[in-house]
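Each chain, written out:
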Amino acid sequence: MFFARWVTGLAFIVGKTFKILSIPFKAVIYSIMWLFKCLHKEKKPKKPKKPKKPKKPKKPKKAKKIRKQSKFEILCWTCFNWMHSIVRAIIRKIFAGLHFVFWKMHAAFRFIYWKGYASVRFVRSKLQNVSSLMQEKMYSVLSKYTYVDLFLLSVRIFYGSNKGIKLCRIVGIKNYCTLWRQKYRVLEEPKERLVCKPLFYEKAEEEVKFFQSPEIYLAELGDVSIIGSSDIILAKDKMLHDVMYHDEEKRIDIRYAALRKVLHNYAVIEVEEEIKKYDRGINLISAASFNYYHLLIENLSQLTFVDQYEEYREYPVFLDEIVYAVPQFKEAFERINVYQHPVIIVKKDQCCRVKKMVSVSQNVWMPINLYNRDDIRMGDFMIAESVLTNLREKIGVYTQGEAYRKCFVSRKNTKTVRLKNEEEIRSIFEENGFEIIYTEEMSFAQQVECFGQCKCVVAASGAALTNIIFCRPGTEIVCIIPEYHRFYMYSTIAKILGMKCTFLAADIIEKTPYPAADLFWLDNEYAKRFINKHIF
């Protein structure tokens, strides 16, 4: 306050002094005084706030009164629900009948094609060749571009299926790992691999060529789904598949089970609504687990690559249910499962989601099916040598004593006997000291021992010839197969393992869209000339 009074006195003296000069400094001084008073104004203490009164609890709202329905209204709603269920059942039956009719039409078309397409021995005339080419072209176009499967699928789902349709973009597994930072390890770098076109007796000489193969790698995939009896790996809206991703010509047909259609770079997949969840596992699921060759060479061999790393030796293994349904398949897996991996059986079309799944890339590059059977190429029969050596080491090859047995593998007791005159050919080889064996009646261990003791094996083309991987170097392998098939997998395996391989050229009797379903026969005199020239 003293400072304020001093300023006021000073202002009075200055004002009186300047009043004579008529200069209005009084307003300026008063403004300065007001400014100083504002700056040095004493602050009054704040009053304490009064405590807030607690709020009264709100009264609960009264429940709305539900009007009771009259007996007439209840009767009307009952009749409506009853009629709705009847109409829905009728619609389902109608669409079920349409679904049945369309499938029967599809089956009839296939029957007409199979039986009408050279159903008797080839008549080697220009007219027959032209008509055969036209029918084959027609079937390949229909099987590749038809949308009948999608229509039937939508009808089946409409009338009450527990499955849904999913459209997924096709992506390579390695590309997916790179983009989404998933872990993968390169097991074998890209390299040249041999393919052996065998010696066809009296027809063609042996020819060996080398082709460049992709790398073999092991991938750790996070939060993916697999479907039983298929090659499908789903990652949200993507289907991971190396073969289809790199198939620019769209010649490979992988449609089977849940995989209904391939539309350019997209796949139409039928997925079950119920999904089982697992923490981790090794994927050995395949669309061809029902076939002995595909199961042993392509699927179970992948486990030998995974077992090279200790961190995966306690992981469970996902297997198709058919592997444990066939005794020989189950025994083969148990021989390869050295580290006793737990087994998770997956039923056909069952969907399983895995948080951390281990998958091995393709190590055998033979396509399962083609849209056009004539698109097969020599380079399709590449196989990694490590596949064969790993299987022989895990399973064990019979090496006691010398190889002394001469065996003819018969398909007499199987459902499909492709060699139509097998009885005649079998008797010819039996007369020349060959032992007749039936692999479907032998256990897996007996097959390994039998083929390890053979010095010569004769068989028509089929999965039973997979057992030649247990033969010794120098064993004579004779395969009866039409030269037109251009199938060189068994000759390539024999060449890699140091065996001698000869093919006997058979003639096709009934030709189908799939070479594995063709019926053929072997000329008796041709077989006798081969036996007389070769002293086994």
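Predicted, not measured: the structure shown is a model, and the values here were computed from it.

Analysis parameters
- The residue count restarts for each chain, going from 1 along the sequence in the order it is written.
- Thresholds applied to this predicted model are a pLDDT of at least 70 for local features of residues and 80 or more for the giving and counting of side-chain atom pairs; totals over whole chains, interfaces and linings are not thresholded and use all residues.
- No hydrogens and no water enter the side-chain calculation; it runs on all heavy atoms of the structure.
- Only protein atoms enter the 1 Å grid used here. Points where a 1.4 Å probe fits but cannot escape make up a cavity, open sets with protein on both sides within 12 Å along at least five of seven lines make up a pocket, and a residue lines them when an atom lies within 4 Å of a point.
- Grid points are joined across faces, edges and corners, and a volume is the space filled by probe spheres set on the points.
- Helical segments are the DSSP runs of H or I of at least four residues, strand segments are the runs of E of at least two, and each set is numbered from the N terminus.
- For this classification, Asp, Glu, Lys and Arg are treated as charged, while Ala, Val, Leu, Ile, Met, Phe, Trp, Tyr, Cys and Pro are nonpolar and the rest, including Gly, are polar.
- Buried Ala, Val, Leu, Ile, Met, Phe, Trp, Tyr and Cys residues form a nonpolar core when they are joined through side-chain atoms within 4.5 Å.
- Buried, partly exposed and exposed residues are distinguished by accessible area as a fraction of the type maximum, computed with a 1.4 Å probe on protein chains only: under 20%, between the cut-offs, and over 50%, respectively.
- Here, two residues are considered to be in contact whenever any of their heavy atoms come within 4.5 Å of each other.
- Think of it this way: a Phe, Tyr or Trp ring, Trp meaning its six-membered ring, pairs with another when their centres are within 6.5 Å, and the plane angle makes it stacked under 30 degrees, edge-to-face over 60, tilted otherwise.
- The predictor rates its confidence in each residue with pLDDT, a number between 0 and 100.
- Only the stretch in contact is used when a helix axis is fitted, and all axes are lines through C-alpha atoms; the angle between N-to-C directions ranges over 0 to 180 degrees.
- Working definition: roughly parallel below 35 degrees, roughly antiparallel above 145 degrees, roughly perpendicular at 65 to 115 degrees, and oblique for all remaining angles.
- Helix crossings are classified by the rotation of the near helix relative to the far one: an anticlockwise turn of less than a right angle makes the crossing left-handed, while a clockwise turn makes it right-handed.
- A pair is scored as a salt bridge if a Lys or Arg side-chain nitrogen falls within 4 Å of a carboxyl oxygen belonging to Asp or Glu.
- Note on pairing: two strands pair once DSSP finds at least 2 bridges between them.
- In this count, Lys and Arg are taken as positive residues and Asp and Glu as negative ones, while His and the chain termini are left out.
- Between N or O atoms, a polar contact is any pair within 3.5 Å; within protein, one atom must be a potential hydrogen donor and the other a potential acceptor, and residues adjacent in sequence are included only when both atoms are from side chains.

Some words on the layout of surface pockets
Put simply, the second largest pocket is a space of about 600 Å³. In terms of lining residues, the second largest pocket is bounded by 21 residues, among which Pro 214, Val 243, His 246, Gln 362 and Trp 365 are the most central. In terms of residue count, helix H7 (residues 242-246) provides more of the lining of the second largest pocket than any other element does, three residues in total. Partitioning the lining of the second largest pocket into residue classes produces seven nonpolar, five polar and nine charged.

Some details on the nonpolar core
Met 239, Ile 269, Leu 296 and Ile 480 are the most contacted members of the largest nonpolar core, which has 113 residues in total. The leading source of residues in this core is helix H8 (residues 292-306), at nine residues. Residue contacts for Ile 480: discarding those within four places in its chain leaves Phe 408, Leu 419, Ile 425, Val 458, Ala 459, Ala 460, Ser 461, Leu 504, Ala 506, Phe 520 and Leu 522. By size, the runner-up hydrophobic cluster in this structure holds 19 residues, among which are Cys 177, Ala 219, Leu 240 and Phe 318.

Notes on the packing of aromatic side chains
Counting across every chain of the model gives 18 aromatic pairs. Ring centres of Tyr 256 and Phe 290 lie 6.0 Å apart, and the angle between their planes is 40°; this geometry places the pair in the tilted category. One end of the pair, Tyr 256, is in the loop between H7 and strand E9 (259-263); the other, Phe 290, is in the loop between strand E11 (275-283) and H8, and 34 residues separate them in sequence. When its relative accessible area of 33% is taken as the criterion, Tyr 256 is described as partly exposed. Judged by relative accessible area, which is 46%, Phe 290 ranks as partly exposed. Ring centres of Phe 429 and Phe 434 lie 5.2 Å apart, and the angle between their planes is 90°; this geometry places the pair in the edge-to-face category. Among the residues examined, Phe 429 registers a relative accessible area of 0% and is labelled buried.

Here's the deal with the confidence of the model for the chain
Looking at the chain as a whole, its pLDDT mean stands at 82, while 73% of the residues score no less than 70. Contacts from residues 1-7, a stretch scored under 50 in pLDDT, to residues over four places away or in other chains number two contacts. Confidence drops under a pLDDT of 50 for residues 142-146, and excluding neighbours within four residues, the segment shows eleven contacts in the predicted structure.

Some remarks on the packing of helix H12 (residues 422-431) against helix H15 (residues 524-533)
The interhelical angle for the contact between H12 and H15, taken along N-to-C directions, is 20°, at an axis separation of 10 Å. Our classification of the angle between H12 and H15 gives roughly parallel. Handedness of the H12/H15 crossing: right-handed. Across the interface between the two elements, Glu 424, Ile 425, Ile 428 and Phe 429 from H12 touch Asn 524, Ala 527, Lys 528 and Ile 531 from H15.

Details of empty space enclosed by the protein
Regions of empty space are outlined by a rolling probe, equal in size to a water molecule, passed over the atoms. This structure, assessed with the given rule, holds four cavities of 30 Å³ or more. Space inside the largest cavity adds up to approximately 520 Å³. Taken together, 25 residues form the lining of the largest cavity, with Asp 231, His 241, Val 243, Gln 302 and Gln 362 sitting closest to its centre. Breaking the lining of the largest cavity down by element, the ones donating at least two residues are H7, H8 and strand E14 (351-360).

Description of the pattern of salt bridges
Across all of its chains, the model carries 17 salt bridges by this definition. The residue Lys 183 makes a salt bridge to Glu 220 at a minimum N-O spacing of 3.9 Å. Placement of Lys 183 in strand E2 (residues 183-188) and of Glu 220 in strand E6 (residues 216-227) is noted, with a sequence separation of 37 residues between them. Relative accessible area serves as the criterion here: at 40%, Lys 183 is assigned to the partly exposed category. Its salt-bridge partner being Asp 253, residue Arg 255 comes within 2.9 Å of it at the nearest N-O pair. Each of Lys 183, Glu 220 and Lys 356 takes part in one network of salt bridges that share partners.

Overview of the packing of H8 against helix H11 (residues 385-395)
Across the interface, H8 lies against H11 with an axial gap of 9 Å and an inter-helix angle of 75°. Compared by their axis directions, H8 and H11 come out roughly perpendicular. Facing Leu 296, Ile 297, Ser 301, Thr 304 and Phe 305 of H8, the residues of H11 in contact are Ser 386, Val 387, Asn 390, Leu 391, Lys 394 and Ile 395. Broken down by class, the residue content of the contact of H8 with H11 amounts to six nonpolar, four polar and one charged.

A closer look at the pairing of E11
Sheet topology note: the E11/E14 ladder contains seven bridges and is parallel. Counted as the bridge partner of Arg 280 is Lys 356 from E14. Direction of pairing for E11 relative to strand E12 (residues 317-320): parallel, over a ladder of two bridges. In the strand pairing of E12, Asn 283 is matched with Phe 318.

Focus: helix H13 (residues 444-452)
Looking at H13, one finds that the buried residues are Phe 444, Gln 447, Val 448, Cys 450, Phe 451 and Gly 452. Residues of H13 that are buried sit in contact with H8, helix H10 (327-336), H11, strand E15 (405-409), strand E16 (435-437) and strand E17 (454-460).

Considerations on the side chain of Arg 392
One can find Arg 392 in helix H11. The buried charged residue Arg 392 lacks any salt bridge partner; its closest oppositely charged side chain belongs to Glu 393, at an N-O distance of 8.3 Å. Of note is the side chain of Arg 392, whose polar atom sits 2.5 Å from the backbone oxygen of Ile 469. From its side chain, Arg 392 meets the backbone oxygen of Cys 471 in a polar contact 3.0 Å long.

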